[in-house]
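Reading the structure
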Amino acid sequence: MLEPLEAEGDQRRYFHATYQRTTIAVADEIKRGGFGDPGWVERWDVAFADLYLDALEASLAARRPSRPWDIAFGAPADLPALRHVLLGMNAHINYDLPQALLAVITDEEFGDAALLARREADHQAIDGVLASRVAAEDDELTRLSGPPPLLDRLLRPLNQLGTQRFLREARAKVWANAVALNRARGQGPDAYAALLARLEELSAAKVSALQAPGQVLLKLAATGLSVRPRRGTPDSPAPVTTPPVGHPHRRTAGPRSRSICPGARLSPHRFIEKPGRISPDNLGRNARGFRKSN
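Residues numbered from 1 in each chain as written. Predicted model: local features only at pLDDT ≥ 70, side-chain atom pairs only at ≥ 80, totals over all residues. Heavy atoms only, no water.

So, on to the overall build of the protein. What the protein contains, in helices and strands, is 13 helices and zero strands. Listing every helix and strand of the protein by position from the N terminus yields α-α-α-α-α-α-α-α-α-α-α-α-α. A buried classification covers 44% of the 294 residues belonging to the protein. Long-range pairs, those at least 24 residues apart, make up 74% of the contacts in the protein between residues at least 6 apart in sequence. (Helix = DSSP H or I, 4+ residues; strand = E, 2+ residues; numbered from the N terminus. Buried < 20%, exposed > 50% of the residue type's maximum accessible area, 1.4 Å probe, protein only. Contact = heavy atoms within 4.5 Å.)

In this section: the packing of aromatic side chains. Counted according to the given criterion, the structure contains eight aromatic pairs. Residues Tyr-19 and Phe-48 carry aromatic rings whose centres are separated by 6.3 Å and whose planes lie at 85° to one another, so their mutual orientation is edge-to-face. Within this pair, whereas Tyr-19 is found in helix 2 (residues 13–32), its partner Phe-48 is found in helix 3 (residues 38–60), the two being separated by 29 residues in sequence. Of the two residues, Tyr-19 and Phe-48, neither departs from the other in class, the shared state being buried. (Phe/Tyr/Trp six-rings, centres within 6.5 Å; stacked < 30°, edge-to-face > 60°.)

Quick look at empty space enclosed by the protein now. The full count for this structure, using the stated rule, is two cavities of 30 Å³ or more. When its volume is computed, the largest cavity comes out at roughly 70 Å³. As for the largest cavity, its lining consists of Gln-11, Arg-12, Phe-15, Trp-69, Ala-72, Phe-73, His-84, Leu-87 and Gly-88. When residues of the lining of the largest cavity are traced back to their parent elements, those giving at least two are helix 4 (67–73) and helix 5 (81–104). (1 Å grid on protein atoms, 1.4 Å probe; cavity = no way out; pocket = protein on both sides within 12 Å on 5 of 7 lines; lining within 4 Å. Points joined across faces, edges and corners; volume = space filled by probe spheres on them.)

All right, on to helix 5 then. Every α-helical turn comprises 3.6 residues, leaving residues that sit three or four positions apart pointing alike. Here helix 5 spans 32 Å end to end across 24 residues, near enough to the 34 Å set by a 1.5 Å rise per residue. The largest bend along helix 5 measures about 45° and falls at Asp-96, with the proline Pro-98 one to four residues further on. Within helix 5, 22 of the 24 residues are buried, which leaves it mostly tucked inside the rest of the structure. (Expected span 1.5 Å × (residues − 1). Bend = angle between axes of the 7 residues up to and from the residue.)

The next point concerns the side chain of Glu-200. You can see Glu-200 is positioned in helix 10 (residues 189–209). Buried and unpaired, Glu-200 has no salt bridge, with Arg-67 as the nearest side chain of opposite charge at 5.8 Å. (Lys, Arg positive; Asp, Glu negative; His and termini not counted. Salt bridge = Lys/Arg side-chain N within 4 Å of Asp/Glu carboxyl O.)

Ranked by internal contacts, the top residues of the largest apolar core, which has 55 residues, are Trp-40, Trp-44, Tyr-52, Trp-69, Leu-87, Leu-101 and Ile-105. At the level of elements, helix 2, helix 3, helix 4, helix 5, helix 7 (113–145), helix 9 (156–187) and helix 10 are the ones that each hand at least two residues to this core. A per-element tally of this core places helix 5 first, with 13 residues. Contacts of Ile-105, omitting those with residues within four sequence positions, involve Trp-40, Phe-110, Leu-116, Arg-119, Trp-175 and Arg-185. (Core = buried A, V, L, I, M, F, W, Y, C linked by side-chain atoms within 4.5 Å.)

How two helices pack is summed up by the angle between their axes together with the distance between the axes. Direction vectors running N to C along helix 3 and helix 5 enclose 135°, while the axes themselves pass 9 Å from each other. The angle between helix 3 and helix 5 falls in the class oblique. Of the two elements, helix 3 crosses helix 5, and the hand of that crossing is right-handed. Where helix 3 abuts helix 5, its residues Trp-40, Arg-43, Trp-44, Ala-47, Phe-48, Leu-51 and Tyr-52 lie against His-92, Asp-96, Leu-97, Gln-99, Ala-100, Leu-101, Ala-103 and Val-104. Of the residues that constitute the contact of helix 3 with helix 5, the class distribution is 11 nonpolar, two polar and two charged. (Axes fitted to C-alpha atoms, helices over the stretch in contact; angles between N-to-C directions. Parallel < 35°, antiparallel > 145°, perpendicular 65-115°, else oblique. Left-handed = near helix turned anticlockwise from the far one by under 90°. Nonpolar A, V, L, I, M, F, W, Y, C, P; charged D, E, K, R; others polar.)

Using the criterion set out here, one finds six salt bridges in the structure. Residues Arg-64 and Asp-70 are paired through a salt bridge, measuring 2.6 Å at the closest nitrogen-oxygen approach. The exposure class of Arg-64 is exposed, given its relative accessible area of 68%. The class of Asp-70 is partly exposed, set by a relative accessible area of 23%. Asp-107 is the salt-bridge partner of Arg-185, the closest N and O atoms lying 2.9 Å from each other. Residue Arg-185 is located in helix 9, and its partner Asp-107 is located in helix 6 (residues 107–110); the two are separated by 78 residues in the primary sequence. Relative accessible area serves as the criterion here: at 38%, Asp-107 is assigned to the partly exposed category.

Functional significance is not addressed by these values, which are geometric in nature.
Next up, the structure:
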């Protein structure tokens with residue numbers, strides 16, 4: 001399927017090629033014995049890939065795939081190759097991966113704590129495969145897109161660390177979403193459909209948000225790639241309240257943090273949205289802090 005995408009200059013080729021290489025890397029890790037239950041991992045990986053291939057085939061046939069994929073496939077063609085890869089990763093990880101886990105873990109297996117722990121361990125072991133691909137995929141995207149701007153070259157070490165971090169974070173939330181979907185599945189088709197619909201909506205919104213300009217990898221390192229639908233009520237941000245003056249939890253005004261490390265107390269947008277404020281000294285300090293945090 002890659003050859004015609006490349007021949008036509010279709011922007012969907014960027015994610016497809018990355019996914020092909022990653023799938024080969026997972027297959028090599030299975031053959032190497034890197035998973036506790038290689039047979040299960042292979043069934044799971046096939047179920048996972050089928051969801052993407054079904055979406056791609058629908059899109060190529062001018063049919064509407066799920067909303068996350070519809071937005072990812074319909075993104076402007078002039079976006080950088082990296083951005084197209086990230087859009088596909090978001091749709092596939094956030095929306096497809098929990099469903100793939102449910103396809104290969106039965107209700108009875110979800111009730112077996114020991115077996116479920118082995119499944120989760122294999123799910124986490126994928127992180128090593130993905131982390132091993134980050135630098136190589138970065139090189140490949142650079143080859144396709146040409147030399148990146150100076151700022152992107154300066155931020156490359158942080159971007160690679162950030163990518164590894166948000167992939168780990170995403171897989172942890174995906175597992176939690178799979179557990180929640182299984183719980184809903186046990187409550188009946190309506191409960192399952194409602195939770196899956198909320199997951200689709202949140203995943204689609206995340207894909208849309210990733211098209212905004214800025215240092216997207218650093219944004220994802222700070223805010224995360226994945227989504228978590230809440231059960232029972234429409235998803236909306238929790239209200240923010242400010243403790244009264246004198247309350248022990250109220251923080252006094254002070255200098256804003258310049259850290260871009262994930263988990264920093266303040267928003268990273270000062271770095272991400274306004275690259276002109278970055279100096280080599282700041283970059284060096286934050287690079288050291290980022291490595292410590294990981």
